[in-house]
Amino acid sequence: MEVIFVLIGISLVMAGGFLWLFFKAMKGGQFDDQHTPAIRILFDQKTKSKANKKTPKKKK
Amino acid sequence: MEEMPTKTEKSKIVSCFHCGENCDDEAIMCDEKNFCCTGCLTVYEVLNDNNLCDYYAIEASPGSNQKKKEIRDNRFDYLEDEDVINRLIDFKDDEQSHVTFSIPMIHCASCIWLLENLYKLEPGVTFSRVDFIKKKVQIKYLSKETSLKSIVKLLSHIGYEPRINLSDLGEEKSHKTNKKLIYQLAVAGFCFGNMMFFSLPEYFSETELLGNGFSHLFNYLNIILALPVVFYSATDYFRSAWIAIRNRSVNMDVPIALGIISLFSYSLFEIFISGQEGYLDTLGGLLFFLLVGKYYQQKTFDTLSFDRDYKAYFPIAITKMIKDREQVIPLTKLNVGDIIKVRNEELVPADSILLESEASIDYSFVTGEEIPIPVKKGELIYAGGRQKGAAITLAVQKSPSQGYLTDLWNNEAFSKDEQEDSLASMANRISGKFTFTVLLIAFGALLYWSFNDISLGVRAFTSVLIITCPCALAMSTPFTLGNVMRIFGKGGFYLKNTQVIEKLAGINTLVFDKTGTLTAPSKARVSYHGENLTEESKSMVKALVNFSVHPLSNSINQWSGNVKPVTLDNVEEIPGKGLQASYKSKSISLGSALFLGVGSIDKVNNIGNEVHLVIDGMHWGVFRIASSVREGIEKMVPELAKSYDIHLLSGDHNHEEDYLKQVLGENVSMHFQQSPKSKLAHIRRMENTGKHVLMVGDGLNDAGALKASEVGIAVTDNISHFSPASDAILDGKKLSYLPDYLDFAKTGRKIIKASFGLSFTYNAVGVFFAVQGLVSPVLCAILMPASSISVVLFTTIATNFQAYRKGLNDKEMILWK
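The rules behind these values
Residues numbered from 1 in each chain as written. Chains lettered and ligands numbered in written order. Predicted model: local features only at pLDDT ≥ 70, side-chain atom pairs only at ≥ 80, totals over all residues. Axes fitted to C-alpha atoms, helices over the stretch in contact; angles between N-to-C directions. Helix = DSSP H or I, 4+ residues; strand = E, 2+ residues; numbered from the N terminus. Parallel < 35°, antiparallel > 145°, perpendicular 65-115°, else oblique. Left-handed = near helix turned anticlockwise from the far one by under 90°. Contact = placed C-beta atoms within 7 Å. Nonpolar A, V, L, I, M, F, W, Y, C, P; charged D, E, K, R; others polar. Buried ≥ 20, exposed ≤ 12 C-beta atoms within 10 Å, placed from the backbone. Core = buried A, V, L, I, M, F, W, Y, C linked by C-beta atoms within 7 Å. Pairing = 2+ DSSP bridges. Right-handed = clockwise from strand over helix to strand, strands pointing away.

Caption draft 1: Summary view of the packing of helix α16 (residues 454-467) of chain B against helix α27 (residues 738-770) of chain B. Residues and elements named next belong to chain B. Packing of α16 against α27 brings their axes to within 9 Å, and their N-to-C directions diverge by 165°. In terms of axis orientation, α16 runs roughly antiparallel to α27. Two packed elements cross with a definite hand, and for α16 against α27 that hand is right-handed. In contact with Ala460, Ser463, Val464 and Ile467 of α16, α27 contributes Gly766, Val767 and Ala770. Split by residue class, the contact of α16 with α27 holds five nonpolar, two polar and no charged.

This is the structure we're talking about:
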């Protein structure tokens, strides 16, 4: 049963590690803006625009 | 006007490719796309040249209308001033500078995409990142390759002009407090979870199977885990309780702090002295739930600012004339006696005398009235007015902070510290009695048992303190108010904090501003007096007013309805005076009596606004334009008058009194010609006679009254636009729901009372066991979370059910455009 001592140690270290990671993420500003990244992720697919090569000219 | 746009003939609705605005009348074609104005076209061309047309692919017509944009080059010259630059930028080293701009125009995914691809337009920019909710963009640039000024110019060029104003130069306020709460919550959650893990075997007597060594180990681990909870997560409660006791009062945090201390010290005693298990897991859970409630209550509306003063609205630079030479200087360096130049759509930053022969000043931000007022040479123009028309020169009479309007902020109402009078809240009033009763019961139990058994007496005493810790009591208020605030937010009513709700529930007097608050700028009553208008002349009028963006023209345009406009020639707008044009062989002009030389020259503004119509030199008639109340107001005010005392404060003359009496009912006491300061004084007087006043206003001239009243609500038609400092911001379209909101604030108070009842029941049960010395860790572990969670569930369900019943949940969301 002594193995439980080891397991408790491991579990505490792990849980503490997660807490530390959360603090780090907070400080790094990961939770400052919770809306924009959700939109930003959609930009990576290149949308093909038709008007790419045309130069603008005014039509009379 | 610039080059005459090519007109296209068509019947279907044509909308601008850039901004989506309807441009039936004058569409400019380019690349088979329609543009409503040259401004929109320029933006398109810039983007097209840089292969940034994805902008238009992400959302349809994402741009903002560029019609009213000014194109003056030296507008941003003040951004070359070292002093200004240093105050605006966040960070600077030899190579890079970081700056954050607030751009109100940000409204869709395309905006984000374009602003984050800024480096394609300006190679000096190395990084740009948008915060959509806060409508801010952070830009990093190489100081050698570009400058702050050229970035601002570029942003303005593509239609995203940053809002830079006087208050940006002040100190930056930080939101650190909010973050600290999250850290505390995280620590409490972590410790609580692990403590439960170690305590669970106790409840099922599993430790006996594992052997005594484990039991001790678990207890010591619990103590270690409890330390950060007590000495970090709970610090705010101790501080607040200590402050309250020092001020000889009792707030909600006093019994909480008392409970935490007794739980912690009694557990230490049990573990070290009696060799039992203690209540540390209960302590962790208690703190965790309390902090969750606190966090829930701290909902803020990031995009809205509730404490703007005139500085947030004034520009930071002004053009000063030095011997016929223009120089752009920061406003802070403006002195009395300086000669300044104010251009079209620019703001007069200080009370000044007009040196030009005439000007037309729009005081809409001050009074809410958007029809410009004509000013003559030698007359005083107050700070806050906006020039419409040609550039004017002015002699500064008072410094920007001492003007007729800005002087308001020197009033004591603004200097008094925003003392969060949380003591007034119901929970705090109750907690005084609560703490007293608990202590009484605890000492009673101690005395009673001490006759027989001292140790049982001590146990009963601490048990009472532990079990009655007002966790459920302390949680009902934040959860109820947090919920109410969210429901209000959905309905376009944004509160500064949850305390406003409790104040709203106690209101008995309502004061309204007239112009811009009760009356809508866009809803004008137009009446025509004079010769009958033929279809043709109506069409001519319609066509003529189409050319102008003047508010009076817009009103006449709406009045003329669906008449098809004719095509006019030689259209000319004389700013602040009128319009003229020719049609076939006829000439037509619209404008003020003075401009056309007709009607009464008697220019007392008593009869509202008049626009005269002259065709071929003959005076046909006059349009009278008077303001009209917003939709639903004529129902709302009489309904409110049944249960509240209603006042109306207006800066205008009383020419509309009859109309207002007729619409709002006889029970409204009306006060006209009120200056900003007399509005403030009026509210003060009422507050001093013991009335609880709610002020509803919109302009800067209401700022004093909004501040002095118990609750100040700023009404605005565009929530990202300017609104004066207030306790709440209400969307103009939702003003007629005000009775519902007031009603719901009262419902919120009833729900809190009901949940207090619920929590007292739990406490009574707990005390019943506690006085007998029967409280065990298991009982604590069950009773405490059960009471907390059930109170939270009760308040959440009750508020949402009530909101649903009153139809507050159905009101459609306000979109952020």
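Caption draft 2: Geometry of the environment of isoleucine 646 of chain B. All names here are of chain B. Within the secondary structure, isoleucine 646 is located in strand β24 (residues 645-649). Taking the C-beta count within 10 Å as the criterion, isoleucine 646 has 20 such neighbours and is therefore assigned buried. Along the chain, isoleucine 646 and leucine 510 lie 136 residues apart, while their C-alpha atoms are 4.9 Å from each other. Among residues more than four places away in sequence, those in contact with isoleucine 646 are Leu510, Val637, Leu640, Ala641, Asn667 and Val668.

Caption draft 3: Layout of the environment of alanine 57 of chain B. Here alanine 57 of chain B lies in helix α2 (residues 54-58). The spacing of alanine 57 of chain B and histidine 529 of chain B is 472 residues in sequence and 50 Å in space, taken between C-alpha atoms.

Caption draft 4: Representation of the nonpolar core in the model. All names here are of chain B. Core analysis: the largest hydrophobic core is formed by 119 residues, its most contacted members being Phe35, Cys40, Ile501, Val511 and Ala728. Setting aside chain neighbours within four positions, we find isoleucine 501 in contact with Leu481, Val484, Met485, Leu495, Ala745 and Gly748. Among the nonpolar cores identified, the runner-up in size contains 65 residues, and Phe190, Leu286, Leu290 and Ile751 belong to it.

Caption draft 5: Expanded view of the pairing of strand β26 (residues 693-697) of chain B. Residues and elements named next belong to chain B. In terms of burial, β26 is largely enclosed, as five of its five residues are buried. Alternating positions in β26 separate into two faces, Val693, Met695 and Gly697 on one and Leu694 and Val696 on the other, with burial throughout. Here strand β17 (residues 509-513) pairs with β26 via four bridges, running parallel. Within the sheet, the bridge partner assigned to leucine 510 lies in β26 and is leucine 694. Bridging between β26 and strand β27 (residues 711-716) involves four bridges; their strand directions are parallel. Each bridged residue has a counterpart across the sheet, and for methionine 695 the counterpart in β27 is glycine 712. Handedness of the β-α-β unit built from β26, helix α26 (residues 703-708) and β27 comes out right-handed.

Caption draft 6: Structural detail: the sheet that holds β17 of chain B. Residues and elements named next belong to chain B. In spatial order, the strands read β16-β28-β27-β26-β17-β24-β25; together these seven strands make up an open sheet with mixed pairing. Strands with a single pairing partner mark the edges of an open sheet, and in this sheet they are β16 (493-495) and β25 (668-671). Across this sheet, the average inter-strand angle for adjacent strands is 20°, counted without regard to direction.

Caption draft 7: Structural view of unusual backbone geometry. Residues and elements named next belong to chain B. Residues other than glycine seldom take positive phi values, yet glutamine 673 does so here, at roughly 50°. Assignment of secondary structure puts glutamine 673 in the loop between β25 and α25 (676-688). The class of glutamine 673 is exposed, set by 11 C-beta atoms lying within 10 Å.

Caption draft 8: Inspection of the sheet that holds strand β12 (residues 373-376) of chain B at higher detail. Across the sheet, three strands lie side by side as β12-β11-β14 (chain B); this open sheet has antiparallel pairing. Strands with a single pairing partner mark the edges of an open sheet, and in this sheet they are β12 and β14 (386-387) of chain B.

Caption draft 9: Quick peek at the environment of cysteine 40 of chain B. On the secondary structure map, cysteine 40 of chain B appears in helix α1 (residues 38-49). Separated by 355 residues in the primary sequence, cysteine 40 of chain B and alanine 395 of chain B place their C-alpha atoms 36 Å from one another.

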